[in-house]
Amino acid sequence: MEFGPRPILEAEGCVLAHSTRTGTATFKKGRVLSADDIKTLQQAGVSTVTVACLAADDLNENLAADRIARAANGGGLISDPPFTGRVNLYAEQAGVLVIDRQAVDAMNRIDPAITIATLPEYARVLAGRMVATAKIIPFAAPARFVAEAEERISGALKVAPFKARRVGLIATRLPHLKPSTMDKTRRVLEARLAASGSTILSEERVDHREEAVAEAMAKLAGQGADFLILFGASAVVDRKDILPAAIERAGGAVEQFGMPVDPGNLLMIGTYEGLPVIGAPGCARSPKENGFDWVLDRKLAGLEVTAHDITGMGVGGLLMEIGTRPQPREVKTVPDKPKIGAIILAAGKSSRMGGPNKLLAELDGKTLVRHAVEAAQDADLVQTILVTGHMADRIEAEISDYGIDVVHNPDFAEGMAGSIGAGMEALDPSVDAVLILLADMPRITSETLKGMIGSYADSPNALIVTATAEGKRGNPVLWDKRFFDALKTLRGDIGARHLIAENPEFVLEHEIGAAARLDLDTPEALEQAGGRLSDR
């Protein structure tokens, strides 16, 4: 591939490196220049353009990225269509992401132009979560390098799906341990099992003695448990302590005690009559992520976890300050008058409308985008941000009299996530929570938003408040500040759905009726709602 400035008359068939405007026409970066394009640019006075000209053995960026993503898929993954040299891979169902790290590293070292990036190894993912992205950095890559990349990355990524398991729970008692604490422990474990469809077959609460635990293990195995989880009333501090001794007394074996993950140091694994046994550390009584989650998730996905695996968890095993999960699990504190901001997403292309921008369509005498802005303006918010993209000038002009903050997302065509990120970057750092609204939902009112804010302020656990229509989740969604960093780093066109799915214990559903799922994406839907496309 040759890259650089070139006379306009010699640029036909080359890829435009930078977006170029000529009066009312815009030629976007990545466009393959045709003879008509050359003529238009020349008439506009453009004499030189910066382009990338592919060699005979080069592959277009989209084709190359697609081939690499397909090769990497070892099962349980789906991909979106290639766009600007990128293909994203998503989990087809909930499970654990399994990565051949050596294969990924080997592919990434073929040539800097060819890359693939993934979530961490053994990450727990829900259906629809983006797990990897294949990206060709320039506009093309040599075919021989792409072929080599396909070979090296072949089958390197897969999602091992969760399987519904019947878990036998054994909890020991001592005088100091309150029954309410044991009840909470069970509820926290049930929440951990929920994503996999697993259930607690039965719980045995027994005295903190070897023989009592051994008898409970035999009883649960006889009832058909798929594996056993042991919670001790007192922490296991040695391999000869009550719980490991009970496993051996029952005829089982302790495979590993202790792990280089904090919190989670005192975890134990073993086997009993062919069943996996996990001795839970004390920190597993809390929903905060710890080493127990790492082992439990793999077990629920049918993956083997050996002593060698556990002793290899030290790098990345310091979980005292976790970026996305632990902070939302801390105690919620909300001021008496929380500062709430709003981000209105108004960047889309309205492709299903057949040409016109639906945000300029009129309903009840005003455009859809004005409906959204007025709802936010009347909801006592400290800041309202409108994110533009497609037809940015027209959209901004339509709401210019409101005096709200406007942010442009130049990469709006790549998906909703970029617009959310652009809005989040402009958000005042003093804001306690943010409402994210879609600009094409005209039945969302200021009263709707005030109601969601009230639900957020009144609930001790709600860090996410999502509007629903007869129990089905829709929009808008309110996010506590503990999710702001995660919202800033979203990628692709799936928005923040996976964050909602991964934090069910902090989601509050706020029923608002049909307005939460009103879809005005087509002319027919708009007409049925009583609206019309603007003459403008």
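Data block above holds the structure.
None of the values given here were measured: they were computed from a predicted structure.

So, about the overall build of the protein. Helix and strand content of the protein: 17 helices and 29 strands. The long-range share in the protein, meaning contacts at least 24 apart out of those at least 6 apart in sequence, stands at 71%. Approximately 24,400 Å² of the protein is accessible, and the part contributed by carbon and sulfur atoms is 48%. Where the 59 positive side-chain charges of the protein centre and where its 72 negative ones centre are 3 Å apart.

Strand order in the open sheet made by the 4 strands is β7-β8-β12-β10, with antiparallel pairing throughout. Pairing within the sheet leaves two strands with one partner each, and these edge strands are β7 (77-79) and β10 (114-118). The sheet shows a mean angle of 20° between the axes of neighbouring strands, taken without regard to direction. Alignment of β10 against strand β12 (residues 130-136), held across 5 bridges, turns out to be antiparallel. For I114, the partnering residue across the bridge sits in β12 and is I136. This element, helix α2 (residues 61-72), spans β8 (86-91), β10 and β12 of the sheet and lies at about 140° to β12.

It is worth spelling out the sheet that holds strand β1 (residues 2-7) at this point. With respect to topology, 3 strands assemble into an open sheet ordered β1-β5-β2, the strand pairing being antiparallel. In this open sheet, the two strands that pair with only one neighbour each are β1 and β2 (15-16).

Here the focus is the pairing of strand β9 (residues 95-99). When you tally the buried positions in β9, you get 5 out of 5 residues, the bulk of the element. Inspection of the sheet shows β9 paired to strand β11 (residues 124-125) by 2 bridges, in the antiparallel sense. Within β11, the position partnered with V96 by the bridge is R124. Relative to strand β14 (residues 157-161), β9 runs antiparallel, the two sharing 5 bridges.

Here the focus is the side chain of T388. When you line up the elements, T388 lands in strand β24 (residues 383-388). Every residue in contact with T388, bar those within four places of it in the chain, is listed here: A346, A347, I395, V406, V407, H408 and N409.

Where nonpolar side chains cluster on the molecular surface, the patch consists of M1, F3 and L54 and spans about 280 Å² of accessible area. Of note, L54 is situated in the loop between β5 (48-53) and β6 (58-60).

Moving on: helix α7 (residues 242-249). Restricting attention to buried positions, one finds in α7 the residues L243, P244, A245, A246 and I247. Those residues of α7 that are buried lie in contact with β15 (166-173), α6 (210-222), β17 (227-231), β18 (253-257), β19 (268-272) and β20 (275-280). Note on α7: the residue one or two positions beyond its end, G251, has a positive phi of about 100°.

Enumeration over the complete set of coordinates arrives at 29 salt bridges. For D297, the salt bridge is made with R124, and the minimal N-O distance between the two is 3.5 Å. One end of the pair, D297, is in helix α8 (residues 291-300); the other, R124, is in strand β11, and 173 residues separate them in sequence. Taken together, the shared-partner salt bridges connect D183, R186, E190, E203 and R205 into one network.

Right, let's talk about the packing of helix α3 (residues 101-108) against helix α4 (residues 143-153) for a bit. Contact geometry for α3 and α4: axes closest at 8 Å, N-to-C directions at 170°. Considered as vectors, α3 and α4 are oriented roughly antiparallel to each other. Taken together, the residues of α4 that come into contact with α3 (itself represented by A103, V104, A106 and M107) are A149, R152 and I153. Across the contact of α3 with α4, the residue classes tally to 6 nonpolar, no polar and 1 charged.

Of all the 10 residues making up α8, 9 are buried; the element is thus mostly covered by neighbouring parts of the structure. Those residues of α8 that fall on the buried side of the exposure criterion are G291, F292, D293, V295, L296, D297, R298, K299 and L300. The N-cap residue of α8 is N290: its side-chain oxygen and the backbone nitrogen of F292 are 2.8 Å apart. One or two residues past the end of α8 sits G302, with phi positive at roughly 75°.

To continue, consider the environment of L319. With respect to the secondary-structure elements, L319 resides in the loop between α9 (307-311) and α10 (326-329). Measuring from C-alpha to C-alpha, the distance between L319 and L193 comes to 21 Å, with 126 residues separating the pair along the chain.

What follows deals with the state of the cysteines. Taken as a whole and judged by the stated rule, the model has 1 disulfide. Between the sulfur of C14 and that of C53 lies a disulfide, 2.1 Å long from S to S. Handedness of the C14-C53 disulfide follows from its S-S torsion of about 100°: it is right-handed. In this pair, C14 sits in the loop between β1 and β2 while C53 sits in strand β5, placing the two residues 39 residues apart along the sequence. We classify C14 as buried; its relative accessible area is 4%. For C53, a relative accessible area of 9% corresponds to the buried category.

Moving on to the packing of aromatic side chains. Aromatic rings in a pair are described by how distant their centres are and how their planes are angled relative to each other. Inspection of the entire model under this criterion finds 2 aromatic pairs. Ring plane angle 65° and centroid distance 6.3 Å describe the contact between F231 and F292, whose orientation is recorded as edge-to-face. In this pair, F231 sits in strand β17 while F292 sits in helix α8, placing the two residues 61 residues apart along the sequence. Across the pair, exposure class does not vary: F231 and F292 are buried alike. Relative to F483, the ring of W479 lies with its centre 5.7 Å away and its plane at 70°, an arrangement referred to as edge-to-face. Classification of F483 by relative accessible area gives buried; the value is 1%.

What counts, and where the lines are drawn
Residues numbered from 1 in each chain as written. Predicted model: local features only at pLDDT ≥ 70, side-chain atom pairs only at ≥ 80, totals over all residues. Heavy atoms only, no water. Helix = DSSP H or I, 4+ residues; strand = E, 2+ residues; numbered from the N terminus. Contact = heavy atoms within 4.5 Å. Areas by Shrake-Rupley, 256 points an atom, 1.4 Å probe, with all protein chains shown as cover. Lys, Arg positive; Asp, Glu negative; His and termini not counted. Charge placed at Lys NZ, Arg CZ, Asp CG, Glu CD. Pairing = 2+ DSSP bridges. Axes fitted to C-alpha atoms, helices over the stretch in contact; angles between N-to-C directions. Buried < 20%, exposed > 50% of the residue type's maximum accessible area, 1.4 Å probe, protein only. Patch = residues over 30% accessible without salt bridge, like charges linked within 9 Å, V, L, I, M, F, W, Y side chains within 5 Å. Salt bridge = Lys/Arg side-chain N within 4 Å of Asp/Glu carboxyl O. Parallel < 35°, antiparallel > 145°, perpendicular 65-115°, else oblique. Nonpolar A, V, L, I, M, F, W, Y, C, P; charged D, E, K, R; others polar. Polar contact = N/O pair within 3.5 Å; in protein donor to acceptor, adjacent residues only side chain to side chain. Disulfide = S-S within 2.5 Å. Phe/Tyr/Trp six-rings, centres within 6.5 Å; stacked < 30°, edge-to-face > 60°.

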